[in-house]
Structures are given as C-alpha cells and as structure tokens.
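# Inside the fold
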Amino acid sequence: MSLRNQPKAKMKNFVDRLNLKEMLADDSTQDRLRMAGYRGSAPMYYFLTARIALPGGLFVFALAYAFLLAPNTIPAFSKVLFCIVFSGFGAFLPNIYLKNQIDKRKLGIQRAWPDALDLMLICVESGMSIEAAFQKVAEEIGAQSVELAEELSLTTAELSYLSERRMAYENLAKRTGVDGVKNVMMALIQAERYGTPVGTAIRNMADDTRAERMQFAEQKAASLPPKLTVPMIMFFLPVLFFVILTPAVIQAMGAF
C-alpha cells in the first residue's frame, strides 16, 4: 500500500469539521491501522468515516425494512427500538474488521518469520550487512508472505535514513505485532549497543524460533482430539450404528 495515500477532499473535510480524530481515535488507532497493513493518512479518514457512516446507513436500512416489509402487527415503538439496536452494530463493525485484518496479517507473518530468520542468518554469516540481509530476505520471502516482505523492505529504507537504527528495529516490531519479531529486534538492538556479533544473536533467536514453531505445532496436534469428539459423535457414530444394525434388523424382520 502506498505510503503517500491521501484521503478524498470531501471525506477529509467531513472528519476535520466534526473533529472525529479527537473523539474516536487515539495513538493506538494509528498503530492498529499500521499493524493491519494500512499506512498513510487516508486509512485513518476511511476508518473514522466508516464508524460514523455505518450506523447511519444501517439505521436507514433497518427503518425501511421495519416499516415497509415487516408485518404491521408489530408496534411502531418495537420497530424503532429494533432499528436503533441494529444500527448500533455498525459502530463495532469497523473495529471488528480491523481486528480480523490484524490477526490475519500477524498469522501470515508469524508463519513466514522462522524461514525469514534462517535466510537472514545465512546472509549475515556470508558477510552481508544487516541492511543488505534485510533486503535480500525481503526479495526471497515475498513468495511466502507478501506482508513480511513489505515490512522488511520498509525497515531497510528506515535503516538508511533514520538517525538511530534502533528506531527502525522498534518500528518493525510495532508494525508487525508478532512476539517473535519483537524478540529478534530486541536482540539486534542489544547486539549493536554492546558490540556483540549480529550473527550470534540471530542464530540464537533462530534456534528459539524453531523451537517455538515446533511447540506451537505440538499444541495444535494435542488440541485436535477434543475438537474431533463432537463431529465424530454427530456424524460418524450414527452411520456406524446404521451399518452394524441394519443387517440384524433386516434378518429380524424376515424371520417374523
């Protein structure tokens, strides 16, 4: 997504005139938009406009349905109350959508991060600088995770123009929101602060990341039997009983 994405003039005037940034947004809102992959100033205006427009749109839709299609036997007060409650969901829909986008993006980055870390270790141990390693990993990991490739490319640019490299690492950890990325960035910051080899820090974190991925896979496998219990009772056992008991029932009916 473009970093220079600008909002439409009418939308910008609407948000600024009502001062929606002060009423409905704070510093964490901008961070959440970045974690969802929405950068620039336009996503904030779209998000705030949606929080105001959706309740109104849902209220009009519910009002038209209640008074034009619903049975006339329902009292008018009940219809209006239903419209108000239904429109209230519109205030939560943008936050729900944003949370789903954040979770989806974090999952994609989390799955590709161990492989990216292994590639980064190979690049650093081969003699590349950390900037070149970030850029090379971004080029290679794009086929697996476009989101992670974008973040690593942006971090490469920040390492070039920011006054402190620590800020670039912290921004990457904040934009992704993945614990594994945060731990690696903290290790890189400590390595540059105390002069320890970057390759050693990345190697240690790569071992920990692989162990965490294996532990996560074991947890998913351990949770599978309880999840299969209800489907087996509802779908497998009735069919099994039918197959076993049907021949006996047929023989009993033939005997009598």
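Just so it is clear, the structure is predicted and the values come from calculations on it, not from any experiment.

Counting 35 residues, the largest nonpolar core has W113, M120, F134, L152 and M185 as its most contacted members. Contributions of two or more residues to this core are made by α6 (93-125), α7 (130-141), α8 (146-161), α9 (165-176), α10 (179-194) and α11 (198-222). The element contributing the most residues to this core is α6, with nine residues. Other than its neighbours up to four places away in sequence, M185 contacts W113, F134, Y169, L172 and A173. V15, L20, A36 and M44 belong to the second-largest nonpolar core, a separate cluster that totals 14 residues.

For the structure shown, the criterion picks out two aromatic pairs. Relative to Y169, the ring of F134 lies with its centre 6.4 Å away and its plane at 35°, an arrangement referred to as tilted. Of the two residues, F134 is situated in helix α7 and Y169 in helix α9; the sequence distance between them amounts to 35 residues. Judged by relative accessible area, F134 falls into the buried class, the value being 0%. With a relative accessible area of 0%, Y169 lands in the buried category.

As a further point, take the pattern of salt bridges. Taken as a whole and judged by the stated rule, the model has 15 salt bridges. Close ionic contact of E151 with R175 constitutes a salt bridge, the shortest N to O distance being 2.4 Å. You can see E151 sitting in helix α8 and its partner R175 sitting in helix α9, a full 24 residues away along the chain. Neither residue differs from the other here; E151 and R175 are each classed as buried. A salt bridge links E158 to R175; the nearest nitrogen and oxygen atoms lie 3.3 Å apart. Residue E158 is located in helix α8, and its partner R175 is located in helix α9; the two are separated by 17 residues in the primary sequence. Take E158: its relative accessible area is 8%, and that puts it in the buried class. Its relative accessible area of 6% is what places R175 among the buried residues.

Another aspect to go through is the packing of α9 against α10. Running from amino to carboxyl end, α9 crosses α10 at an angle of 170°, the nearest separation of the two axes being 9 Å. It follows from the interaxial angle that α9 and α10 lie roughly antiparallel. On α10, the residues touching R165, R166, Y169, E170, L172, A173 and T176 of α9 are V181, K182, M185, L188, I189, E192 and R193. Looking at side-chain class alone, the contact of α9 with α10 contains seven nonpolar, one polar and six charged residues.

Calculation rules
- Residues numbered from 1 in each chain as written.
- Predicted model: local features only at pLDDT ≥ 70, side-chain atom pairs only at ≥ 80, totals over all residues.
- Heavy atoms only, no water.
- Core = buried A, V, L, I, M, F, W, Y, C linked by side-chain atoms within 4.5 Å.
- Buried < 20%, exposed > 50% of the residue type's maximum accessible area, 1.4 Å probe, protein only.
- Helix = DSSP H or I, 4+ residues; strand = E, 2+ residues; numbered from the N terminus.
- Contact = heavy atoms within 4.5 Å.
- Phe/Tyr/Trp six-rings, centres within 6.5 Å; stacked < 30°, edge-to-face > 60°.
- Salt bridge = Lys/Arg side-chain N within 4 Å of Asp/Glu carboxyl O.
- Axes fitted to C-alpha atoms, helices over the stretch in contact; angles between N-to-C directions.
- Parallel < 35°, antiparallel > 145°, perpendicular 65-115°, else oblique.
- Nonpolar A, V, L, I, M, F, W, Y, C, P; charged D, E, K, R; others polar.

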